[in-house]
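Reading the structure
Each chain is listed here by its residues.
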Amino acid sequence: MDRLSIAIAGCGPAGLAAALLLDEQGHDVVIYDQFDEPGPVGSGLMIQPSGLAVLDRLGLAGETLARGARVDALLGMEEHGRVVLDAPYSTLGVPEAFGIGIHRASLFGILHEAARARGIAIETGHAVTGSTIDGAGRRLTFSSRPRSPSFVLVVDASGWQTLFDPDPKGILEFGAVWASLPSLPDDPFQGNVLEQRYRRASQMVGVLPIGTRKSAKTPEVAFFWSLARDAYADWLETPLDEWKNEVLALWPDAHVMLDRIKRREQLTFARYAHRTLKHPVANRMIAIGDAWHSASPQLGQGANMALLDAWSLARGLNEGRTLNEKLRLAVSWRRDHVWLYQWVTKLFTPLYQSNTLWQPALRDRMLAPLSRIWPTSKIQAQLMSGLFGFPLAPLGLEIPDYEALSASSSASFSAPLTRAIASSLSHS
């Protein structure tokens, strides 16, 4: 395999995972990030079996579990106490399967530390504005710096707000305000469940266990409140106690979380977009992760899809003969799964975030009862876990051994990264 010079725009999960995999293949990799100090944006996320399959091959699954929190089920109740979402991982049919709730800072730290350990170059303070074709390569352009050197390949991992896609971004009607808060033993929440409460689909409050950040002593939860994008300005003007009373009216047990929110600055508003780049491959360029496809967080697949994209890119570069063929293969192995989840997420999101009446009624009266019956219960688990559509086999990946992972959760998980990646790709 030829040694390629590769620039990666974006130092998130997609960019870091791609850098680790491509560096191990012997390519010359440089990551460019706009921040002076690269870091995560947001609060908590879920690592599903699909994404954990990649982290497992990277030798990082154990460390992910060590810093995250095991999540055995998703539980959602409407305002009158009726269960309308009951999705345990046990219905997946994989022994001991679970999700991992984790702070974005923790996932970033795991990947960033591994990249630093390998000596991968990370150029900070480089706000990418575009790129130019230069002879047999492509150069990145920046807002206040000279152009980059010429690279054989540019990987766009810059997220859904990528500047390489000039089309409208399809920003969704609803976002959410988030806070990372301490989790105490007496809290009235199940420590291994993502819990949510709904008032129709216009209001939603939830708590996701996200583990313990490195060097921290206290585990945390991600606390979130669904909020329409055009209502954010009014929310900023609403007295904090008035908003807290609105949350308490939907979920009284949330008072323990609300008591820990002393200032509005503890809450961050997150916007989401639903978009799919029509052509993720251009001349000496490929988009992965949210730069290729982004959606609402309802199915919790963003980071997991990004990890799968990174693996597919590495495998394509490993197996293709020409650069065009390498990139074509990388996209072909992911296209069907991406298309499927984009449509499923588009259909499911209004059931949980919208101002309509009929969609939450459909959720509560038809879909919720059906989800308790096989095979719908298993399909729901496959959707939740990122395994719907069987994405792993085309990539040469397998569902992680959860029994072994659980058994070794108190031991050291740090496998030699070089050996883990090299062995994985050679067997794919």
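What counts and what doesn't
Sequence positions are assigned chain by chain, starting from 1 and proceeding in written order. Per-residue local features are limited, in this predicted model, to residues with pLDDT of at least 70; the limit for side-chain atom pairs, both in listing and counting, is 80 or more; totals at the level of whole chains, interfaces and linings are taken over all residues. Calculated side-chain values reflect all of the structure's heavy atoms, with hydrogen atoms and water omitted. Going along the chain from the N terminus, every DSSP run of H or I of four or more residues is numbered as a helix, and every run of E of two or more is numbered as a strand. C-alpha atoms define the radius of gyration, and 2.2 Å times the number of residues to the power 0.38 defines the globule rule. Only protein chains enter the calculation, and the probe is 1.4 Å; a residue is then buried if its accessible area is under 20% of its type maximum, exposed if over 50%, and partly exposed in between. Residues count as neighbours in contact if any of their non-hydrogen atoms are within 4.5 Å of one another. For accessible areas, the Shrake-Rupley method is used with a probe of radius 1.4 Å. Any residue's cover is judged against the shown protein chains and nothing else. In this count, Lys and Arg are taken as positive residues and Asp and Glu as negative ones, while His and the chain termini are left out. The location of each charge is read from NZ of Lys, CZ of Arg, CG of Asp or CD of Glu. When DSSP finds at least two bridges between two strands, those strands are taken to pair. Like charges within 9 Å and nonpolar side chains (Val, Leu, Ile, Met, Phe, Trp, Tyr) within 5 Å are joined into patches, using only residues over 30% in relative accessible area that form no salt bridge. Just to be clear on terms, a salt bridge is a Lys or Arg side-chain nitrogen sitting within 4 Å of an Asp or Glu carboxyl oxygen. For every element, the axis is a line fit to its C-alpha atoms; helices are fit only across the contacting stretch, and the angle between N-to-C directions ranges from 0 to 180 degrees. Whether two aromatic rings pair depends on their centres lying within 6.5 Å, for rings of Phe, Tyr and Trp, where Trp uses its six-membered ring; planes under 30 degrees apart make the pair stacked, over 60 edge-to-face, and the rest tilted. Charge over a ring is defined by NZ of Lys or CZ of Arg lying within 6 Å of the ring centre and within 35 degrees of the ring normal. Take the number of residues in a helix, subtract one, and multiply by 1.5 Å to get its expected span. Among buried residues, those of type Ala, Val, Leu, Ile, Met, Phe, Trp, Tyr and Cys that are joined through side-chain atoms within 4.5 Å constitute a nonpolar core. Points on a 1 Å grid, built from protein atoms alone, make a cavity when a 1.4 Å probe fits but cannot get out and make a pocket when they are open with protein on both sides within 12 Å along at least 5 of 7 lines; residues with an atom within 4 Å of a point are the lining residues. Grid points are joined across faces, edges and corners, and a volume is the space filled by probe spheres set on the points. Nitrogen and oxygen atoms within 3.5 Å of one another constitute a polar contact, given that in protein one can donate a hydrogen and the other can accept it, and given that sequence-neighbouring residues count only through two side-chain atoms.

As for the overall build of the chain
Of the regular secondary structure elements, the chain holds 13 helices and 20 strands. In summary, the chain has a C-alpha radius of gyration of 21 Å against a globular reference of 22 Å for 428 residues, a match within 12%. A total of 428 residues make up the chain; the buried ones form 56% of that total. Looking at the chain alone, contacts between residues at least 24 apart form 73% of all its contacts between residues at least 6 apart. In the structure as shown, the chain presents an accessible area of about 18500 Å², 53% of it carried by carbon and sulfur atoms. The averaged location of the 43 negative side-chain charges in the chain is 4 Å from the averaged location of its 41 positive side-chain charges.

Description of the pairing of strand E11 (residues 153-156)
Side chains Leu153 and Val155 project from E11 onto one buried face, and the interleaved Val154 and Asp156 project onto a second face that is buried too. As paired strands, E11 and strand E19 (residues 285-287) are joined by 3 bridges and run parallel to one another. Its bridge partner being in E19, Val154 is matched across the sheet by Met285.

Quick look at a negative patch on the surface
A surface patch of negative charge is lined by Glu173, Asp230, Asp234 and Glu237. Relative to the helices and strands, Glu237 is located in helix H5 (residues 232-237). With relative accessibility at 68%, the residue Glu237 sits in the exposed group.

Comments concerning the pattern of salt bridges
Per the stated rule, a full pass over the model turns up 19 salt bridges. Salt-bridge contacts for Asp72 lead to Arg70; the nearest nitrogen and oxygen are separated by 2.7 Å. Residue classification places Asp72 among the partly exposed residues on the basis of a relative accessible area of 21%. Look at Arg70 and you get partly exposed, because its relative accessible area is 29%. Ionic contacts of the salt-bridge type, sharing partners, join the residues Glu63, Arg67, Glu113 and Lys214 into one network.

Section: the sheet that holds strand E2 (residues 28-32)
Judged by pairing direction, the sheet is mixed, and its 6 strands sit side by side in the order E8-E2-E1-E11-E19-E18 without closing on themselves. The open sheet terminates on both sides in strands that have one partner only, identified here as strand E8 (121-123) and strand E18 (281-282). Here strand E1 (residues 5-9) runs beside E11; their pairing, made up of 4 bridges, is parallel. For Ile8, the partnering residue across the bridge sits in E11 and is Val155. Strand contacts of helix H1 (residues 13-24): E1 and E2, with the helix running at about 165 degrees to E2, the strand carrying the most contacts.

Side note on the packing of aromatic side chains
Under the criterion given, the structure shown has 10 aromatic pairs. Ring geometry for Tyr32 against Phe151: centres 6.2 Å apart, planes inclined by 80 degrees, an arrangement best described as edge-to-face. Of this pair, Tyr32 sits in strand E2 while Phe151 sits in the loop between strand E10 (137-142) and E11, and the two are 119 residues apart along the sequence. Side by side, Tyr32 and Phe151 carry an identical accessibility label, which is buried. A network of ring pairs unites the aromatic residues Trp225, Tyr232, Trp235, Trp243 and Phe269 as a single cluster. Here the guanidinium or amino end of Arg264 rests over the ring plane of Trp235, the centre of that ring lying 4.7 Å away. Just above the ring of Tyr198 sits the side chain of Arg363; from NZ or CZ to the centre is 4.8 Å.

What about H1?
Look at H1: 17 Å from first C-alpha to last across 12 residues, which is about the 16 Å you get at 1.5 Å a residue. In terms of residue burial, H1 counts as a mostly covered element, since 11 of its 12 residues are buried. In the segment just after H1, Gly26 is the residue with positive phi, at about 100 degrees.

With respect to the nonpolar core
In terms of nonpolar packing, the biggest core is built from 76 residues, with Ile8, Leu55 and Leu317 touching the most fellow members. In contact with Leu317, not counting residues within four places along its chain, are Met1, Leu4, Ile6, Leu22, Gln25, His27, Leu153, Leu323, Lys326 and Leu327. Counting 23 residues, the second largest nonpolar core, distinct from the first, contains Ala179, Val205, Val221 and Met257.

Details of empty space enclosed by the protein
Under the counting rule described, the total for this entry stands at 1 cavity of 30 Å³ or more. As a volume, the largest cavity reaches approximately 40 Å³. Along the walls of the largest cavity sit Ile286, Ala287, Ile288, Trp292, Asp309, Ser312, Leu313, Ala330, Val331 and Arg334, which together make up its complete lining. The set of elements that each furnish at least two residues to the lining of the largest cavity consists of E19, helix H8 (302-319) and helix H9 (323-352).

Structural notes on the environment of Asp23
Along the polypeptide, Asp23 turns up in helix H1. Excluding residues within four positions of it along the chain, Asp23 makes contact with Val29, Arg118 and Ile120. There is a polar contact of 2.6 Å between the side chain of Asp23 and the side chain of Arg118.

Points about unusual backbone geometry
The omega angle of the peptide bond from Trp374 to Pro375 is 10 degrees, so this bond is cis rather than trans. Turning to its location among the elements, Pro375 is positioned in the loop between helix H10 (358-370) and helix H11 (376-385). Of note in the backbone geometry, Glu96 takes a positive phi value of approximately 65 degrees without being a glycine. Looking at the secondary structure, you find Glu96 in the loop between strand E6 (83-88) and strand E7 (99-103). A residue is classified by how much of its surface remains accessible, and Glu96, at 41% relative accessible area, is partly exposed. The backbone of Ser215 shows a phi angle near 75 degrees, a positive value even though the residue is not glycine. With respect to the helices and strands, the residue Ser215 is situated in the loop between strand E14 (203-211) and strand E15 (220-228). Since its relative accessible area comes to 76%, Ser215 is described here as exposed.

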